[in-house]
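Structure assessment
Residue strings, one per chain:
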Amino acid sequence: QVQLVESGGGLVQAGGSLRLSCAARGIIFSINYMSWYRQAPGKQRELVAIIPSDDTTKYADSVKGRFTISRDVAKNAVYLEMNRLKPEDTAVYYCNAEVKDLATRAYTDYWGQGTQVTVSS
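A quick note: this is a predicted structure, and the numbers were derived from the prediction, not measured.

1. Section: the overall build of the chain
On a plain count of helices and strands, the chain comes out with zero helices and eleven strands. Counting helices and strands in the order they occur from the N terminus, the chain gives β-β-β-β-β-β-β-β-β-β-β. Taken over the C-alpha trace, the chain has a radius of gyration of 14 Å; the compact-globule value for 121 residues is 14 Å, and the two agree within 12%. When the backbone C-alpha atoms are referred to their principal axes, the chain occupies close to 50 × 25 × 25 Å. Split into buried and exposed, the 121 residues of the chain put 41% on the buried side. Within the chain, contacts between residues at least 6 apart in sequence are counted, and of these 55% link residues at least 24 apart.

2. Concerning the packing of aromatic side chains
Two numbers describe a pair of aromatic rings. These are the distance of the centres and the angle of the planes. Per the counting criterion, the structure on display carries one aromatic pair. The ring of Tyr79 carries Arg19 above its face, with NZ or CZ at 4.3 Å from the centroid. The ring centre of Trp111 lies 4.8 Å from the NZ or CZ of Arg45, which sits over that ring.

3. Digging into the side chain of Lys100
Note that Lys100 resides in strand β9 (residues 91-101). Buried charge without a partner: Lys100 forms no salt bridge, and the closest opposite charge is Glu98, 9.7 Å away. What Lys100 contacts, discounting residues up to four positions off in sequence, is Ile28, Phe29, Ser30, Arg105, Ala106 and Tyr107.

4. What about the side chain of Thr115?
Mapped onto the elements, Thr115 comes out in strand β11 (residues 115-120). When its relative accessible area of 11% is taken as the criterion, Thr115 is described as buried. What Thr115 contacts, discounting residues up to four positions off in sequence, is Glu6, Gly9, Leu20, Ala91, Val92 and Tyr93.

5. Concerning the sheet that holds strand β8 (residues 77-82)
Strand order in the open sheet made by the four strands is β1-β3-β8-β7, with antiparallel pairing throughout. Strand pairing shows two members of the sheet lacking a second neighbour, β1 (2-7) and β7 (67-72), which therefore form its edges. Strand-to-strand twist across the sheet, computed as the mean angle between neighbouring axes with direction ignored, equals 15 degrees. The sheet contact formed by β7 and β8 spans six bridges and is antiparallel. What sits directly across from Ile69, in β8, is Leu80.

6. Digging into the pairing of strand β10 (residues 107-111)
Alignment of β9 against β10, held across five bridges, turns out to be antiparallel. What sits directly across from Ala97, in β10, is Tyr110. Between β9 and β10, which pair antiparallel and follow one another directly, the connecting turn spans five residues, one of which, Arg105, has a positive phi of 65 degrees.

7. What about the pattern of salt bridges?
This model, assessed by the stated rule, comprises five salt bridges. One salt bridge in this structure joins Arg38 and Glu46, with 2.7 Å as the shortest N-O distance. Here Arg38 falls in the buried class, since its relative accessible area comes to 6%. The salt bridge partner of Lys64 is Asp61, with a shortest N-O separation of 3.1 Å. Assessed through its relative accessible area of 64%, Asp61 is described here as exposed.

About the cut-offs
- Residues numbered from 1 in each chain as written.
- Predicted model: local features only at pLDDT ≥ 70, side-chain atom pairs only at ≥ 80, totals over all residues.
- Heavy atoms only, no water.
- Helix = DSSP H or I, 4+ residues; strand = E, 2+ residues; numbered from the N terminus.
- Rg over C-alpha atoms; globule rule 2.2 N^0.38 Å.
- Buried < 20%, exposed > 50% of the residue type's maximum accessible area, 1.4 Å probe, protein only.
- Contact = heavy atoms within 4.5 Å.
- Phe/Tyr/Trp six-rings, centres within 6.5 Å; stacked < 30°, edge-to-face > 60°.
- Lys NZ or Arg CZ within 6 Å of the ring centre and 35° of its normal.
- Lys, Arg positive; Asp, Glu negative; His and termini not counted.
- Salt bridge = Lys/Arg side-chain N within 4 Å of Asp/Glu carboxyl O.
- Pairing = 2+ DSSP bridges.
- Axes fitted to C-alpha atoms, helices over the stretch in contact; angles between N-to-C directions.

Below, the structure written as structure tokens:
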């Protein structure tokens, strides 16, 4: 079993910065991609940023130029650096990873528990 453990959320004023971290723990053969999603109250969960194993990155238009996703392969970790935060960035942020099981070599999608990010105006 694999767990994704997130940290780094909190309350920040508009224009401020936060850094989210997520580490995958368990018996892992490899990780195909890691990503961050967010869900605001009353809205659907949306992709914020994704980083595949080749380290290419993709961002939602709403965060391009403000957020940066990165990963540490050795630590099975992914980070989201969030700058120039806006009130509309307020949401629960979820870490997501597609993990290849050591024993079965099958890929499974895992989710973190979520971390709250609140941006005050």
